[in-house]
Amino acid sequence: MTLKQIKHLILDMDGVLWHGNRPVPGLPDFFEQLKSMGMSWAFATNNSSKTLEQYVKKFAGMDVAIDPKQVMTSAVATGFYMQDAFPAGANVYVLGADGLSESMSKAGFNVLERGDYETPAAAVVAGLNPGVTYEDLSIATLQVINHGAKLIASNADSTYPSERGLLPGAGALISVIETATEQQAVVVGKPYPIMFQQALKMFGDGATLQNTAMVGDRLNTDIAGAVGVEMRSILVMSGITQPEDLPASDVQPEFVFSGILELAAELKKAKG
Ligand SMILES: [Mg+2]
């Protein structure tokens, strides 16, 4: 298959569209070009720290207008997972930023106050939280050990790409609680199928695994997940993956480009 059949793109954000608050060069142009080719796109990120409105604002600050309905975060996907796995209205303790708390409330759960180790929670839901303290990690640990709360992770990314370089990701924070509680977290985000399935649904009926591609910068999440659900995959080398990582990887993308501008140019060529 070639790029020609691809009509829908699921775009990872960190390392693909921006690094921290710095957009990749030509970001607004990229979306103009997709539009001119009649393509549609959605966003799927393992980053659970921001709310959908915060993403709309972040894009607007980079001169790109988006609809919050185009965004699938691991926080939103975790809400869907929780609805399947726990009774409506159950108490949850959130160790994560606004995005995760918001999606737990929207999914119908009772989010306990920060610091509440006495009210039993059915689950500790954890994601990346740049403001996390030893006390927060302690409360999450107490909920698991004292009350038998299940440990759920919005994602298990080991690192988080920032303007300064790689910082500890959600997976690194969650491993603190895993070590203390000797419990393994259930992980919702990429490479697990739920994010991909939810993102595909955002395009409506015409979208299939054959005409939709995941565009990401990380082999072990974006590409491994797409390959796992048999969705098409495009790796961009603008983020985590370095050229020397690729030959050694047992996960291989269908296409590799330097970044989104090269992707747009190649799509244009393929579609004539
Ligand atoms: Mg990324």
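Residues numbered from 1 in each chain as written. Predicted model: local features only at pLDDT ≥ 70, side-chain atom pairs only at ≥ 80, totals over all residues. Heavy atoms only, no water.

A. Quick peek at the domain arrangement of the protein. Domain boundaries assigned for the protein yield domain 1 (3-46 + 190-271) and domain 2 (77-187). The distance between the C-alpha centroids of domain 1 and domain 2 comes to 27 Å. In this complex, domain 1 contributes 13 residues to the contact, which on the side of domain 2 involves 13 residues. Carbon and sulfur atoms supply 55% of the area that domain 1 and domain 2 bury against each other, a total of about 1200 Å² over both sides. The largest per-residue losses of area from domain 1 upon contact with domain 2 belong to Asn46, Ile194 and Arg218, which jointly make up 36% of the total buried on that side. In this structure, the connection of domain 1 to domain 2 is made through 0 salt bridges. One can count 4 residue pairs in polar contact (both at pLDDT 80 or more) joining domain 1 with domain 2. Counting residues per element, the side of domain 1 that touches domain 2 draws most heavily on helix α7 (residues 193-201), which supplies 3 residues. Looking at side-chain class alone, the side of domain 1 that touches domain 2 contains 4 nonpolar, 6 polar and 3 charged residues. (Domains from an automatic or database assignment. Contact = heavy atoms within 4.5 Å. Buried area = accessible area lost by both parts, 1.4 Å probe. Salt bridge = Lys/Arg side-chain N within 4 Å of Asp/Glu carboxyl O. Polar contact = N/O pair within 3.5 Å; in protein donor to acceptor, adjacent residues only side chain to side chain. Helix = DSSP H or I, 4+ residues; strand = E, 2+ residues; numbered from the N terminus. Nonpolar A, V, L, I, M, F, W, Y, C, P; charged D, E, K, R; others polar.)

B. Region of interest: the coordination of the magnesium ion. Distances from the magnesium ion to its protein donors, namely Asp12 (OD), Asp14 (O) and Asp217 (OD), fall within the range 2.1 to 2.3 Å. Along the chain, the residues donating to the magnesium ion fall in the pattern D-x1-D-x202-D. With a gap of 205 residues between them, Asp12 in the loop between β1 (8-11) and β2 (18-19) and Asp217 in the loop between β13 (212-216) and α8 (219-229) connect regions that are remote in the sequence. Considered together, Asp12 and Asp217 belong to a single accessibility category, that of buried residues. (Donors = N, O, S within 2.8 Å, 3.2 Å for Na, K, Ca; no water. Buried < 20%, exposed > 50% of the residue type's maximum accessible area, 1.4 Å probe, protein only.)

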